[in-house]
Amino acid sequence: PIVVLSASAMCFAFVLWTFLFWLPTYLVEARGFSLARVGVSGIAIQACGALALIGSGIASDSVLRKTSNAALARAKLPGACLVAAMLLLLAAVMVKSSAICLALLAGFYFFLMSSPVAYHSSPSAILPRQAASVYGVINCSASFGGVFGPAIVGYLNVGAGHWAHSFWLVAA
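Right, let's walk through the structure included here. Only a predicted model underlies this, so the values are computations on that prediction, with no experimental measurement involved.

## Comments concerning the overall build of the protein
Counting its regular elements, the protein contains seven helices and zero strands. When its helices and strands are written in sequence order, the protein yields α-α-α-α-α-α-α. Relative to a compact globule of 172 residues, whose C-alpha radius of gyration would be 16 Å, the protein shows 17 Å and is just as compact. Overall, the C-alpha framework of the protein stretches about 50 × 30 × 25 Å when taken along its three principal axes. For the protein, the proportion of its 172 residues judged to be buried stands at 42%. For the protein, long-range pairs separated by at least 24 residues make up 73% of all intrachain contacts whose partners lie at least 6 apart in sequence. Of the roughly 9,100 Å² of accessible surface on the protein, a fraction of 74% belongs to carbon and sulfur atoms.

Okay, here's the thing in structure tokens:
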């Protein structure tokens with residue numbers, strides 16, 4: 001389970017850091033936003049993420065209390081959130097309307113940020129006496145995704161100049 005969580009965390013960080021790093025550039029270049037509008041939009045999207053982090057913890061704990069099914073509460077629920085996030089990301093790139101794009105990106109970020117509950121809660125369930133070490137391994141793996149994601153997308157955008165390809169890669 002540690003290897004699977006580590007690989008999953010690396011993919012999560014690939015998506016997260018690519019989104020955080022390249023969102024402002026995408027909004028300016030592909031959507032024609034001013035920097036002021038990018039700032040306001042970024043704040044709104046980050047607020048969705050903050051609500052998701054709190055809400056997903058509450059939801060996961062509630063599912064665990066009601067079902068006693070740790071796999072459902074700590075893995076399947078976050079997994080479903082990741083699927084929803086990727087679908088919303090792809091939809092955001094495809095729509096013509098910038099307002100709808102922003103709403104879809106906010107939804108994407110909400111569901112994306114609902115998934116870390118798996119990485120934060122699982123180490124103590126897997127190896128309670130070494131939870132901090134397990135979390136460190138998972139977080140270290142995530143760092144690789146955080147480094148390579150923005151770099152790969154930057155390379156693709158310089159070569160192709162088409163944002164949709166980058167978003168398809170991130171959603172994959």
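Next comes the rest of the account.
## Details of a nonpolar patch on the surface
A cluster of nonpolar side chains, contributed by Met10, Phe144, Val147, Phe148, Ile152, Tyr155, Leu156 and Leu169, occupies part of the molecular surface with about 760 Å² of accessible area. A per-element tally of the nonpolar patch places helix α6 (residues 131-160) first, with six residues. Among the structural elements, leucine 169 can be located in helix α7 (residues 163-171).

## Focus on empty space enclosed by the protein
Throughout the structure, instances matching the rule amount to one cavity of 30 Å³ or more. One number sums up the size of the largest cavity: a volume of about 90 Å³. Lining the largest cavity, in full, are Val15, Thr18, Phe19, Trp22, Leu23, Leu89, Phe108, Val153, Trp163, Ser166, Phe167 and Val170. Per element, the largest residue contribution to the lining of the largest cavity is five residues, and it comes from helix α1 (residues 2-29).

## Focus: the nonpolar core
Core analysis: the biggest nonpolar cluster contains 41 residues, and Tyr26, Leu27, Ile45, Leu105, Phe108, Tyr109 and Leu112 have the highest contact counts within it. If you list the elements that add at least two residues to this core, you get α1, α2 (35-67), α3 (70-94), α4 (98-112), α6 and α7. By residue number, the principal contributor to this core is α1, which donates 12 residues. Those residues in contact with tyrosine 109, other than ones at most four positions away along the chain, are Leu16, Phe19, Leu20, Ile45, Gln46 and Gly49.

## So, the layout of surface pockets
Roughly 200 Å³ of internal volume is contained in the largest pocket. Lining the largest pocket are 16 residues, and of these Phe12, Ala13, Tyr135, Asn139 and Ala142 sit closest to its centre. Here the lining of the largest pocket is built from residues that sort into 12 nonpolar, four polar and no charged.

## Structural notes on the environment of cysteine 48
Within the secondary structure layout, cysteine 48 lies in helix α2. The exposure class assigned to cysteine 48 is partly exposed, which follows from its relative accessible area of 22%. Considering only alpha carbons, one finds cysteine 48 and tyrosine 109, 61 residues apart in sequence, at a separation of 6.7 Å. In this structure, cysteine 48 is in contact with Ala106 and Phe110, ignoring residues within four places of it in sequence.

## Focus on α7
Taken residue by residue, α7 has Trp163, Ala164, Ser166, Phe167, Val170 and Ala171 as its buried positions. Projected down its long axis, α7 shows its buried positions confined to an angular sector of 160°, all on one face.

## Here's the deal with the side chain of threonine 18
With respect to the helices and strands, the residue threonine 18 is situated in helix α1. A distance of 2.6 Å separates a polar side-chain atom of threonine 18 from the backbone oxygen of phenylalanine 14. Excluding residues within four positions of it along the chain, threonine 18 makes contact with Ala13, Leu23, Gly149, Pro150, Val153 and Val170.

Conventions and cut-offs
Residues numbered from 1 in each chain as written. Predicted model: local features only at pLDDT ≥ 70, side-chain atom pairs only at ≥ 80, totals over all residues. Heavy atoms only, no water. Helix = DSSP H or I, 4+ residues; strand = E, 2+ residues; numbered from the N terminus. Rg over C-alpha atoms; globule rule 2.2 N^0.38 Å. Buried < 20%, exposed > 50% of the residue type's maximum accessible area, 1.4 Å probe, protein only. Contact = heavy atoms within 4.5 Å. Areas by Shrake-Rupley, 256 points an atom, 1.4 Å probe, with all protein chains shown as cover. Patch = residues over 30% accessible without salt bridge, like charges linked within 9 Å, V, L, I, M, F, W, Y side chains within 5 Å. Salt bridge = Lys/Arg side-chain N within 4 Å of Asp/Glu carboxyl O. 1 Å grid on protein atoms, 1.4 Å probe; cavity = no way out; pocket = protein on both sides within 12 Å on 5 of 7 lines; lining within 4 Å. Points joined across faces, edges and corners; volume = space filled by probe spheres on them. Core = buried A, V, L, I, M, F, W, Y, C linked by side-chain atoms within 4.5 Å. Nonpolar A, V, L, I, M, F, W, Y, C, P; charged D, E, K, R; others polar. Arc of directions from axis to C-beta. Polar contact = N/O pair within 3.5 Å; in protein donor to acceptor, adjacent residues only side chain to side chain.

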